[in-house]
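What follows is each chain in one-letter form.
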4 protein chains.
Amino acid sequence: MTTAPSAGTPVAAPRGYADHKPDHLARLHRIEGQVRGLTRMVDDDRYCVDVLTQITAATHALQEVALGLLDDHIRHCVQEAVRADQDTGETKYAELTIALRRTLRL
Amino acid sequence: MTTAPSAGTPVAAPRGYADHKPDHLARLHRIEGQVRGLTRMVDDDRYCVDVLTQITAATHALQEVALGLLDDHIRHCVQEAVRADQDTGETKYAELTIALRRTLRL
Amino acid sequence: MTTAPSAGTPVAAPRGYADHKPDHLARLHRIEGQVRGLTRMVDDDRYCVDVLTQITAATHALQEVALGLLDDHIRHCVQEAVRADQDTGETKYAELTIALRRTLRL
Amino acid sequence: MTTAPSAGTPVAAPRGYADHKPDHLARLHRIEGQVRGLTRMVDDDRYCVDVLTQITAATHALQEVALGLLDDHIRHCVQEAVRADQDTGETKYAELTIALRRTLRL
C-alpha cells in the first residue's frame, strides 16, 4: 500500500507506528467516510443537531488516532532517541511536549 | 449545490444553517482533503509528530464547523421554537443542552 | 449566601443563572476542595498518574459548571435580549459565539 | 513544604515531578485562588459570560499542570521502568496510555 514518497518528503523509513499502520489507515479511511457523510448531511439540509452529533463522532475518532500515534511515538521514536544518547533523547522529549500541548489544545 | 435528499432522509427543509450552508460545505470539503492527506501521510510513513500536527488541524477545523452550526442553531431553530410556544421552546433548549454537552465532550 | 458586591463590581442584579445559583455554588465549592486536594497530593509526592486522574476530574467538574452557565445564559440573558429588540439580541448572540468559542477552546 | 504523608498514603518517595514540584505547587495554589474567585463571582451575581471566561482560564491552567506532570512522568517514571526490565516498562506504557486517554477526554 506504500507509495513512493513525493519529492521533498524527507524520508520514508518505517515509523514508530509501523506495527499499527494498518489500524491507523483503517481508522483514517473510516473518518474520511464520516467527513464525506457530514458534507452530504449539510448538502441535504439535515437537522443541525444530527450534523453536530456526527461532527462529535468524527472528532472523537480523529483524537483516537492521535492517541494511537502518541502511544507508538513514545514507545518507539522517543525510546530509541533516549537509548541513542542524552542529547538526542532531550530533543525528542522537547518535541513530544510540543506535540502533547498541541493535542491537548493548550 | 443542493441535491435532492436521498430516499429515507426525513426532511429537507431549509435549516438554521441555511445562510451559512456554502461556508459549512466549503469547510467540510477542506476537511475531507485534510483527512485524505492524513491517510496519505501515514501511508507514506511520514513522521508521527507531523501526522499529529495535521490531526490537530483537522480536529480544530471540525470544531469550527461545530461552533458555526451551534451558532446558527441557537439563532434560528431554538429561537423559532421559543417564539412558537413554551413547550416547543423547552424541548429545543433541552436538546441544545445535550448537543452542547456532546460538543464539549462531557 | 449572597454577599454585598465588592466596590467596583459593576452590578449585582439577578443573573441568568439565578435559579441554579445554589447548584453552581455547591459545585464550585466541591471543585475548590478538589483543587486543594490536588495541592496536597503533589505536596505529599503522590504518584503522577493519580494526580493526573484527579486533574481530569476537576477539569470535568469545571466544564460541567460552564455547561450549566451556558445553558442558563442562553435560556435567560440571550432570550431577554432577543425579546427586547433586534440590535440587543444581535449583540448578545455575537457575545455568545465568543463565549462558546472560548469554552470549546478554539 | 513537604508534609508527612497522611496515614494510608502508600508511599512518599520522590516522584517523576520532583524537579518541578515547586512549579506545580505554585500553579495549583494559583488555581485554588481562581476557583475561589469563581465562587465569589457567582455569589456576587456577576455576569455569566465573565464567569465563563474565568472558568476557561482555570480549566486551561489545570490542563497546563496536567501537561507538566505528563511530561515529567514520561521522562522519569516511564523511562526508569523501561530501563529496569521489559515487563515493568510494558506495564508503565499501558498505564500511560490510559492516563493520556483520560487527559484527552476520550
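As a reminder, the structure under discussion sits directly above these lines.
In this text, all values refer to a predicted model and were calculated from it rather than measured experimentally. (Residues numbered from 1 in each chain as written. Chains lettered and ligands numbered in written order. Predicted model: local features only at pLDDT ≥ 70, side-chain atom pairs only at ≥ 80, totals over all residues. Heavy atoms only, no water.)

J.: Now, about the overall build of chain A: what can you tell me, with residues and values included?
T.: Helix and strand counts for chain A stand at three helices and zero strands. Ordering the α and β elements of chain A from the N terminus gives α-α-α. Expressed as a percentage of its 106 residues, the buried residues of chain A come to 52%. Long-range pairs, those at least 24 residues apart, make up 50% of the contacts in chain A with a sequence separation of at least 6. (Helix = DSSP H or I, 4+ residues; strand = E, 2+ residues; numbered from the N terminus. Buried < 20%, exposed > 50% of the residue type's maximum accessible area, 1.4 Å probe, protein only. Contact = heavy atoms within 4.5 Å.)

J.: So what's going on with the relation of the copies chain C and chain D? Residues and values would help.
T.: Put simply, the two copies of the chain differ by a rotation about an axis and a shift along that axis. For the pair chain C and chain D, the relating rotation is 180 degrees, the translation along its axis is 0.0 Å, and the fit reaches an RMSD of 0.0 Å. On this basis, the relationship between the two copies can be described by a two-fold rotation axis. The residues that chain C uses at the interface reappear at the interface of chain D in 100% of cases, marking a shared surface. (Least-squares fit on C-alpha atoms with pLDDT ≥ 70 in both.)

J.: Just give me the short version of the interface of chain C and chain D, but keep the residues and values in it.
T.: If you look at the interface, chain C gives 55 residues, while chain D gives 55 residues. Across the chain C-chain D interface, the total number found is two salt bridges. Put simply, Lys21(C) and Asp45(D) hold a salt bridge, and the shortest N to O gap is 2.8 Å. Linking chain C to chain D there are 18 residue pairs in polar contact (both at pLDDT 80 or more). Those elements that place two or more of their residues in the side of chain C that touches chain D are α1 (21–43), α2 (48–84) and α3 (86–103) of chain C. Split by residue class, the side of chain C that touches chain D holds 29 nonpolar, 14 polar and twelve charged. (Salt bridge = Lys/Arg side-chain N within 4 Å of Asp/Glu carboxyl O. Polar contact = N/O pair within 3.5 Å; in protein donor to acceptor, adjacent residues only side chain to side chain. Nonpolar A, V, L, I, M, F, W, Y, C, P; charged D, E, K, R; others polar.)

J.: So what's going on with the state of the cysteines? Which residues, and what values?
T.: Tallied over the entire structure, the rule returns zero disulfides over all chains. Of all cysteine sulfurs, the one in Cys77(A) lies closest to Cys48(B), which takes part in no disulfide; the gap is 3.5 Å. (Disulfide = S-S within 2.5 Å.)

J.: How would you sum up the pattern of salt bridges? Please name residues and give values.
T.: For the structure on display, the rule yields 24 salt bridges over all chains. Through salt bridges with shared partners, a single network forms among Asp71(A), Arg75(A) and Glu90(D).

J.: If you had to explain unusual backbone geometry to someone new, which residues and values would you point to?
T.: Residue and element names in this part refer to chain A. In this structure, aspartate 45 takes a positive phi of about 60 degrees despite not being glycine. Examined against the element boundaries, aspartate 45 turns out to sit in the loop between α1 (21–43) and α2 (48–84). Given the relative accessible area of 9%, aspartate 45 is considered buried.

J.: Residue-level account of the packing of α1(C) against α2(C), with values.
T.: Residue and element names in this part refer to chain C. Running from N to C, α1 and α2 cross one another at 160 degrees; their axes reach a closest spacing of 10 Å. Here α1 lies roughly antiparallel to α2, going by the angle between them. Considering how the two elements wind past one another, α1 and α2 form a crossing that is left-handed. Split by residue class, the contact of α1 with α2 holds 13 nonpolar, four polar and four charged. (Axes fitted to C-alpha atoms, helices over the stretch in contact; angles between N-to-C directions. Parallel < 35°, antiparallel > 145°, perpendicular 65-115°, else oblique. Left-handed = near helix turned anticlockwise from the far one by under 90°.)

J.: Any chance you could break down helix α3 (residues 86–103) of chain D for me, citing the residues and the numbers?
T.: Between the first and last C-alpha of α3(D) there are 25 Å, a value that for 18 residues agrees with the 26 Å anticipated at 1.5 Å per step. When α3(D) is considered as a whole, its buried residues turn out to be Gly89(D), Tyr93(D), Leu96(D), Thr97(D), Ala99(D), Leu100(D) and Thr103(D). On its buried side, α3(D) packs onto α2 and α3 (86–103) of chain A, α2 of chain C together with α2 (48–84) of chain D. One side-chain oxygen at the N-terminal end of α3(D) lies 3.1 Å from the backbone nitrogen of Asp87(D); it belongs to Asp85(D). Backbone geometry just after α3(D) places Arg105(D) at a positive phi near 50 degrees. (Expected span 1.5 Å × (residues − 1).)

J.: Describe α1(C), with residues and values.
T.: Here α1(C) is 23 residues long and its end C-alpha atoms lie 33 Å apart, about the 33 Å a rise of 1.5 Å per residue gives. Phi turns positive, to about 60 degrees, at Asp45(C), one or two residues after α1(C).

J.: Go over the side chain of Thr97(B), please, and point to the residues and values.
T.: With respect to the helices, strands and loops of the structure, Thr97(B) is situated in helix α3 (residues 86–103). Setting aside chain neighbours within four positions, we find Thr97(B) in contact with Leu67(C), Asp71(C) and Arg75(C).

J.: Account for the packing of helix α2 (residues 48–84) of chain B against α3(B), naming residues and giving values.
T.: Residues and elements named next belong to chain B. The geometry of α2 relative to α3 is characterised by a closest axis approach of 9 Å and an angle of 170 degrees between their N-to-C directions. One finds that α2 runs roughly antiparallel with respect to α3. Where α2 approaches α3, its residues Gln63, Ala66, Leu70, His73, Ile74, Cys77, Val78, Ala81 and Val82 are matched on the opposing element by Thr88, Gly89, Lys92, Tyr93, Glu95, Leu96, Leu100 and Thr103. Classifying every residue of the contact of α2 with α3 by side-chain character gives ten nonpolar, five polar and two charged.

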